[in-house]
Amino acid sequence: MTAARERLALGLITALAAGLLLFRLGAPILWDDEAETALLARNVLRFGWPRATGGDRGVISQQCGADYEATSGRWNRHPWGAISLTAASFAILGETPFAARLPHALLALATVPATAFLARRFGMSRRAANLPALLLTLSITFAPYGRQCRYHAMTLLGGTLALAALPALREARWKREAGLLAVGLLLLLEASYLAFAAVFAGLAFAGPILLSDAAARRRLGATLALAALAALPLLGIQGFFSGLATQAEQTGHFFSKLGNYLLKLDLFFLPLPLLLLAALAARVCPKPAPPVFPHAGRVTSFLILFLLINLVVVSASTVAFSRYLAHLAPACAILSAWALLTIGRASKLAAALLGILLVGSAFLNGWLARAVGPPQARTLAPFPWARLGAELIRPRPGPMTQLADYLNHHATPNATVFITHGDLPLRVHTRLRILGGESGEDLRGAPPPDWIVWRAFFRMRPRTAAVREDQARMRADLAAIPWETYERVAFAPEDRVWDNNPEPELRLLASPRTFGQIHIYRRIPTAQ
């Protein structure tokens, strides 16, 4: 295959990724986390910085005020990169779900050719490097995470660029590559503190395996040290240090989360049986053949250690979410491609069959979870892409989509809605006054609300003192409501917690989790 054909193949893979990322991008409503980003982006356009209070949609919070500074309202829970990116898109395209998600989808799209570039940096041929780009595109996490108005796409691209710079630190042009490494780390820092710390640690501790000469190791150390120093002012501006107390209050159960993340890696990113089969094929290969990488042992050892270090770092997070592994998807795609190509040296037919199973089914995934995982570590649906494809072609309206449509149709303008959970999507997709949820805005001093939405899902769990106090206040508010002045409406959608949440556990596992029905109450007109 000529270089032109190989570039054409990569172009077709990128076009496929564009279709998966952009098709009906604005169709689902913004779920809780996306709505948080969009609401903060609105306030960036109004105030010039992410402010959680003072806007026309009420308080923006998912932790009852513990995620912003009480005096200034400055957001300090997450970096401001994804928020600023969304604000820029709003300024150009208007405030729509499509505009909120578009810049993030484009960054995810750029990760596809960047993954091929990374594979070539590790020593793959141009032809072989197209395989990890294809595997990334067809992975069951790439499109769901890439289509989010959230930080996931920034971590995908940032982590890929940082890794791509590493091998070239051995060369004379290392200064340019150090700049590329710095750009990747800056993207990670502005996307997710956790992803930045995980990749930083992975490069620092696993990088020396890949960089055999002392000069390259010194260059890596110097670049990482300068990146850490440059990060300090940004951390201060974004309120990271003021939010440390809240972060520390929510951590715990490190080893439990580490095991959980290992199961998630096997379930959704890198099926461990594939690596074992590749190691076996490398030993029993009947004839000598050139390795996939020029220094295959060194590259694969680096990537595996890099993944393990990342798992250790993210295990210091608050809750074990698969999204905290999203930045590892390109590295996992390269390891999967290496495994398939290594198996192909022993049997091309076996490699082809395994490749089909990898992208078309869940047969290779979750063996570790089935062997040692707890009962809740359920197996994937047999054909995950059948579910994802159905979502893309004809999205199923979730509970918040149905609720927002119902309230927009039946509630009078400026009506007040009190909801036990899910206030942020309603703040984005309705023009009503929304109280409750996890905003910390309760009914004290307010007249009885026009609508009450009682959801079966109340709180993820009372992780902080602020959440526990708000939970008690909300229960007191609900107990004090004069229920004889309200009537329950017939509309009661199934309560599935979130619409469009990218977590594969909620979309692709065999038994989707539900929480009963949403109960909606309207104040009787004669009682108003």
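Everything below is about the structure shown above.
Residues numbered from 1 in each chain as written. Predicted model: local features only at pLDDT ≥ 70, side-chain atom pairs only at ≥ 80, totals over all residues. Heavy atoms only, no water.

Draft legend 1. Geometry of the overall build of the chain. Along its length, the chain carries 22 helices and five strands. At 24 Å, the chain has a C-alpha radius of gyration in line with the 24 Å of a compact globule built from 528 residues. In terms of its C-alpha atoms, the chain occupies a principal-axis envelope of roughly 85 × 45 × 45 Å. Taken across its 528 residues, the chain has 56% of its residues classed as buried. (Helix = DSSP H or I, 4+ residues; strand = E, 2+ residues; numbered from the N terminus. Rg over C-alpha atoms; globule rule 2.2 N^0.38 Å. Buried < 20%, exposed > 50% of the residue type's maximum accessible area, 1.4 Å probe, protein only.)

Draft legend 2. Fine view of the packing of helix H4 (residues 97-121) against helix H5 (residues 126-137). At a minimum axis separation of 8 Å, H4 and H5 run at an interaxial angle of 140 degrees. Looking at the two axes, H4 sits oblique to H5. When the axes of H4 and H5 are compared, the crossing they make is right-handed. Facing H4, whose interface residues are Thr 111, Val 112, Thr 115, Ala 116, Ala 119 and Arg 120, H5 presents Arg 126, Ala 129, Asn 130, Pro 132, Ala 133, Leu 136 and Thr 137. Per-class residue counts for the contact of H4 with H5 are seven nonpolar, four polar and two charged. (Axes fitted to C-alpha atoms, helices over the stretch in contact; angles between N-to-C directions. Parallel < 35°, antiparallel > 145°, perpendicular 65-115°, else oblique. Left-handed = near helix turned anticlockwise from the far one by under 90°. Contact = heavy atoms within 4.5 Å. Nonpolar A, V, L, I, M, F, W, Y, C, P; charged D, E, K, R; others polar.)

Draft legend 3. Expanded view of the packing of aromatic side chains. In total, this model carries eleven aromatic pairs according to the counting rule given. Aromatic pair Tyr 406 and Trp 451: ring centres 6.1 Å apart, planes at 85 degrees, arrangement edge-to-face. Of the two residues, Tyr 406 is situated in helix H19 (residues 399-410) and Trp 451 in strand E3 (residues 451-454); the sequence distance between them amounts to 45 residues. Both residues of the pair, Tyr 406 and Trp 451, count as buried. On the numbers, 6.1 Å between centres and 55 degrees between planes, the contact of Trp 483 with Tyr 486 is tilted. Tyr 486 sits in the buried class, given a relative accessible area of 7%. Seen from the ring of Phe 47, Arg 51 lies directly overhead, with NZ or CZ sitting 4.8 Å from the centre. For the cation-ring pair, Arg 323 lies above Phe 321, with the distance from its terminal atom to the ring centre recorded as 4.0 Å. (Phe/Tyr/Trp six-rings, centres within 6.5 Å; stacked < 30°, edge-to-face > 60°. Lys NZ or Arg CZ within 6 Å of the ring centre and 35° of its normal.)

Draft legend 4. Quick look at a nonpolar patch on the surface. A contiguous nonpolar surface patch, about 420 Å² in accessible area, is contributed by Leu 226, Leu 229, Leu 232 and Phe 241. The residue Leu 232 is located in helix H10 (residues 214-237) in this model. Overall, Leu 232 belongs to the partly exposed group, its relative accessible area being 45%. (Patch = residues over 30% accessible without salt bridge, like charges linked within 9 Å, V, L, I, M, F, W, Y side chains within 5 Å. Areas by Shrake-Rupley, 256 points an atom, 1.4 Å probe, with all protein chains shown as cover. Salt bridge = Lys/Arg side-chain N within 4 Å of Asp/Glu carboxyl O.)

Draft legend 5. The nonpolar core, seen in detail. One finds Leu 185, Leu 203, Phe 302 and Phe 306 to be the most contacted residues of the largest nonpolar core, which totals 115 residues. Considering every element that reaches this core, the biggest residue donor is helix H15 (residues 329-346), with eleven residues. Excluding anything up to four places from it in sequence, Phe 306 contacts Leu 163, Val 199, Gly 202, Leu 203, Ala 206 and Leu 328. Counting 20 residues, the second largest nonpolar core, distinct from the first, contains Ala 38, Ala 41, Tyr 68 and Cys 149. (Core = buried A, V, L, I, M, F, W, Y, C linked by side-chain atoms within 4.5 Å.)

Draft legend 6. View of the pattern of salt bridges. Throughout the structure, instances matching the rule amount to 17 salt bridges. A salt bridge links Asp 33 to Arg 323; its shortest N-O distance comes to 2.9 Å. Separated by 290 residues along the polypeptide, Asp 33 in helix H2 (residues 32-47) and Arg 323 in the loop between helix H14 (296-314) and H15 bring together distant segments of the chain. Among the residues examined, Asp 33 registers a relative accessible area of 9% and is labelled buried. Classification of Arg 323 as buried rests on a relative accessible area of 9%. Among the ionic pairs, Asp 56 bridges to Arg 42, the shortest N-O distance being 2.8 Å. Here the residue Asp 56 occupies a position in the loop between H2 and helix H3 (81-93), and Arg 42 occupies one in helix H2, the gap between them amounting to 14 residues. By relative accessible area, which is 45% here, Asp 56 ends up partly exposed. Linked by salt bridges that have partners in common, Asp 33, Glu 36, Arg 150, Arg 323 and Glu 503 make up one network.

Draft legend 7. Main features of helix H18 (residues 384-393). The complete set of buried residues in H18 reads Pro 384, Trp 385, Leu 388, Gly 389 and Leu 392. Here the buried residues of H18 occupy an arc of 125 degrees about the axis, which is enough to place them on one side. Facing away from the buried side of H18 by more than 90 degrees, the exposed set consists of Ala 386 and Ile 393. At its buried positions, H18 is contacted by helix H1 (3-22), H5, helix H6 (142-146) and helix H16 (348-360). (Arc of directions from axis to C-beta.)

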